[in-house]
Amino acid sequence: MKNLKSILVNQIKSEGPIPVSRYIEQCLLHPIFGYYTKRPIFGGKGDFITSPEISQMFGELIAMSILQTWIDQGSPSQIVLTELGPGRGTLMADMLRTFKMCPEFLEAAEIHMVEASSNLRRIQEAKLQEYKISWHEKLPSFEKRHLFLIANEFFDALPIEQFLREGDNFFKRTVKVSDGNLEFGLEKKPTKNYFLDLRLSDTSNGDIIELNLSGAKISRNIGDHINNFGGVAIFIDYGDWRSLGDTLQAVKDHEFCNVFVSPGELDISAHVDFEILALNSGCAFSKLTTQGVFLERLGITERANNLAKSLKGKALESHIAAHRRLTHPEEMGSIFKALSLFPKNSPCPPGFEQ
Ligand code: SAH
């Protein structure tokens, strides 16, 4: 029977090695065998659990930050509210419920979701039936209005390129076939660009670095829009300002495994380098903030205490565990980071420092 591995092996045999980005893209989004295409992922039964699935507090607090930013920018009466990669739609559902406390905001908002997987889009549509929402497979060009945008664990799912440093050159890694199996190869000619030049100062011979060039492009489009028309973008992901080494990872049934074992069955992601997203955006950006500090600044402990008042027994225990999981440095509090983009002449959004 055909599977993604045999399709890729045949393709590489006839057309030559493919860039790492192309391999990741096929694994995640292949129209028949892609991981996101096929599976009802996320939550306890999926391969991983994301912050909005852990607790409603996550979406509520982000909504509060967005709401305050909207007020700080003069409460514009027509805005675009967007989420990139909404998964099961939980984050948007929690945010929209929170926005109900400010009907003027909801009335002003035209809601757009950017989702590549038709399977997940159906789940989102079912969850968000009561709202008028437009879906897009790719970032659309928005109406000329303030843009309020959230992306949680979106950039880590975008295909990255990897480069190996040899001397003062960087060579792009590829995926090739050897003895009928997939493995890493290397382009013969070096690649040159601004972001690789930046990394000459903090890498040495033999180091691998990664560039999220599709993420950089998306960030530029968003940044240009925010500079011209106002708004804010909040990006949350696991990663750092810059990473070093091969961070590509594959997860299946909650276990890490080799990225080539069974393409299409694996969730493949890479640490997000926020530097390229920030610098390429062209607009003002906050300091990179850990998720724990970000949520703490927005008042997660007060919100958690408030919610705890109506809970007891098992429900209370899991609520306390969820609070810890989102914020504790040993859980998601440190490895996950938040970055915001905002117009050059506007205040930094709540939860962030400039
Ligand atoms: N934000 C959600 C889900 C994160 S998983 C949460 O926090 O629970 C990544 C999401 O991005 C999925 O919805 C996936 O289908 C979507 N996605 C991945 N690559 C994409 C792409 N290139 N364009 C649009 N959506 C994409």
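Let me sum up the structure you'll find in this document.

## Overview of the pattern of salt bridges
Note on pairing: side chains with opposite charge can pair once their charged atoms come close. Inspection of the entire model under this criterion finds 21 salt bridges. When the shortest N-O distance is used, the salt bridge between Arg97 and Glu60 registers 3.0 Å. With Arg97 in helix α6 (residues 90-99) and Glu60 in helix α5 (residues 56-72), this pair connects stretches of sequence that are 37 residues apart. The exposure class assigned to Arg97 is partly exposed, which follows from its relative accessible area of 37%. Residues joined in a network through salt bridges with shared partners are Arg199, Asp202, Arg242, Asp273 and Glu275.

## Considering helix α13 (residues 300-308)
Among the residues of α13, Ile300, Ala304 and Leu307 are the ones counted as buried. Here the buried residues of α13 occupy an arc of 65 degrees about the axis, which is enough to place them on one side. As for α13, its buried residues are in contact with α5, α12 (291-297) and α14 (313-327).

## As for the packing of aromatic side chains
One pass over the structure, following the stated rule, counts twelve aromatic pairs. Here the aromatic rings of Phe294 and Phe352 are separated by 4.7 Å at their centres, their planes lie at 40 degrees, and the arrangement is tilted. One end of the pair, Phe294, is in helix α12; the other, Phe352, is in the segment after β17 (336-342), with 58 residues separating them in the sequence. For Phe294, a relative accessible area of 0% gives the class buried. Taken together, Trp70, Phe99, Phe105 and Phe148 form an aromatic cluster joined through their ring pairs. Positioned above the aromatic ring of Phe184 is the side chain of Arg173, whose terminal nitrogen or guanidinium carbon lies 3.8 Å from the ring centre.

## Digging into the pairing of β17
Counting buried positions along β17 gives seven out of seven residues, so the element sits mostly inside the fold. Of the two faces of β17, the one lined by Phe336, Ala338, Ser340 and Phe342 and the one lined by Lys337, Leu339 and Leu341 are each fully buried. With six bridges joining them, strand β10 (residues 231-240) and β17 adopt antiparallel strand pairing. Along β17, the bridge assignment pairs Phe235 with Leu339. As paired elements, strand β15 (residues 284-285) and β17 share two bridges and run antiparallel to each other. Its bridge partner being in β17, Phe285 is matched across the sheet by Leu341. Direction of pairing for strand β16 (residues 289-290) relative to β17: antiparallel, over a ladder of two bridges. Directly across from Thr289, in β17, lies its bridge partner Ala338.

Quick notes on the rules
- Numbering of residues begins from 1 in every chain and follows the order in which that chain's sequence is written.
- Only residues with pLDDT of at least 70 get local features here, since the model is predicted, and only at 80 or more are side-chain atom pairs given and counted; chain-wide, interface and lining totals rely on the full set of residues.
- Water and hydrogen atoms were dropped before computing side-chain values, which therefore reflect all heavy atoms in the structure.
- Whenever a carboxyl oxygen of Asp or Glu lies within 4 Å of a side-chain nitrogen of Lys or Arg, that contact is scored as a salt bridge.
- Helix and strand labels come from DSSP, where a helix needs a run of H or I of at least four residues and a strand needs a run of E of at least two; each type is numbered from the N terminus.
- Exposure is judged per residue with a 1.4 Å probe applied to protein chains only, and the accessible area is read against the type maximum: over 50% gives exposed, under 20% gives buried, and values in between give partly exposed.
- Note: the arc covers the axis-to-C-beta directions of the helix.
- Contacts between residues were defined by any pair of non-hydrogen atoms, one from each residue, lying within 4.5 Å.
- A pair of aromatic rings is counted whenever rings of Phe, Tyr or Trp (Trp by its six-membered ring) have centres within 6.5 Å, and the orientation is called stacked for planes under 30 degrees apart, edge-to-face for over 60 and tilted otherwise.
- Over a ring means this: the NZ of a Lys or the CZ of an Arg is within 6 Å of the ring centre and within 35 degrees of the ring normal.
- Any two strands are treated as partners once DSSP identifies two or more bridges connecting them.

Remember that the coordinates give geometry; whether it matters functionally is a separate question.
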